[in-house]
Amino acid sequence: QNKPNGVPPRRWLNFCNPELSALITEKLGSDNWVNNLEELTKLRAFASDKAFQEKWQQVKRQKKVQLAGLIKQMFGDDVNLDSLFDVQIKRIHEYKRQHLNVFSIIHRYKELKAMTPEQREQAVP
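It should be emphasised that the depicted structure is a prediction, and the values quoted were computed from it without experimental measurement.

1. Details of the nonpolar core
Then, number 1: Counting ten residues, the largest nonpolar core consists of L13, L20, L23, I24, L28, W33, V34, L43, F52 and V59.
Then, number 2: Put simply, the parts of the chain that give this core at least two residues each are α2 (18-28) and α3 (50-75).
Then, number 3: Broken down by element, the residue count for this core peaks at four residues, all from α2.
Then, number 4: Leaving out residues up to four positions away in the same chain, I24 has contacts with L13, W33, L40, L43 and W56.

2. Notes on the packing of aromatic side chains
Then, number 1: Within this structure, the stated rule accounts for two aromatic pairs.
Then, number 2: Centre to centre, the rings of F46 and F52 are 6.1 Å apart; their planes meet at 55°, and the pair counts as tilted.
Then, number 3: Counting every residue linked through ring pairs, the aromatic cluster contains F46, F52 and W56.

3. Examining the environment of S21
Then, number 1: Here S21 shows up in helix α2.
Then, number 2: Excluding its chain neighbours within four sequence positions, the residues that come into contact with S21 are L13, N14 and W33.
Then, number 3: Only 3.2 Å separates the side chain of S21 from the backbone oxygen of L13, close enough to count as a polar contact.

4. Remarks on the pattern of salt bridges
Then, number 1: By the definition in use, this model includes six salt bridges.
Then, number 2: Across the pair E26 and K55 runs a salt bridge, and its minimum N-O distance is 3.0 Å. Here K55 lies in helix α3 and E26 lies in helix α2, a separation of 29 residues in the sequence.
Then, number 3: With a relative accessible area of 51%, E26 lands in the exposed category.
Then, number 4: What makes K55 partly exposed here is its relative accessible area of 37%.
Then, number 5: For the salt bridge of D49 with K27, the shortest nitrogen-to-oxygen distance reads 3.0 Å. Taken together, the residues span a long stretch of sequence, with D49 in the loop between α2 and α3 and K27 in helix α2 at a distance of 22 residues.
Then, number 6: Judged by relative accessible area, which is 27%, K27 ranks as partly exposed.

Scoring rules and cut-offs
Residues numbered from 1 in each chain as written. Predicted model: local features only at pLDDT ≥ 70, side-chain atom pairs only at ≥ 80, totals over all residues. Heavy atoms only, no water. Core = buried A, V, L, I, M, F, W, Y, C linked by side-chain atoms within 4.5 Å. Buried < 20%, exposed > 50% of the residue type's maximum accessible area, 1.4 Å probe, protein only. Helix = DSSP H or I, 4+ residues; strand = E, 2+ residues; numbered from the N terminus. Contact = heavy atoms within 4.5 Å. Phe/Tyr/Trp six-rings, centres within 6.5 Å; stacked < 30°, edge-to-face > 60°. Polar contact = N/O pair within 3.5 Å; in protein donor to acceptor, adjacent residues only side chain to side chain. Salt bridge = Lys/Arg side-chain N within 4 Å of Asp/Glu carboxyl O.

By themselves these figures say nothing about function.
This is the structure in structure tokens:
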């Protein structure tokens, strides 16, 4: 059974994307899907429904706009809203953090080695 961080996918969806949850609930006529994943299979009946497809795309676009705003706020970067967004958030285990730290040290070492002596004088390792 897939339980990201111990939370079933339907409950995660309901919590993290209330706009999509509202659309699903509206189309299915109830929020029973939050407690019963099988209820989501009823959405197949609406796969060819152009109005439903448009609403689904609107919700996806709205969430992309929100994420793009957060990226801009936090990092100062603009992202293309027409590109594919693939976001993964996961806790990194201690041994993986240790590996990442070693990679960081190696990267900084290589950067320092590539510098001229004058640049090294100015660098903060």
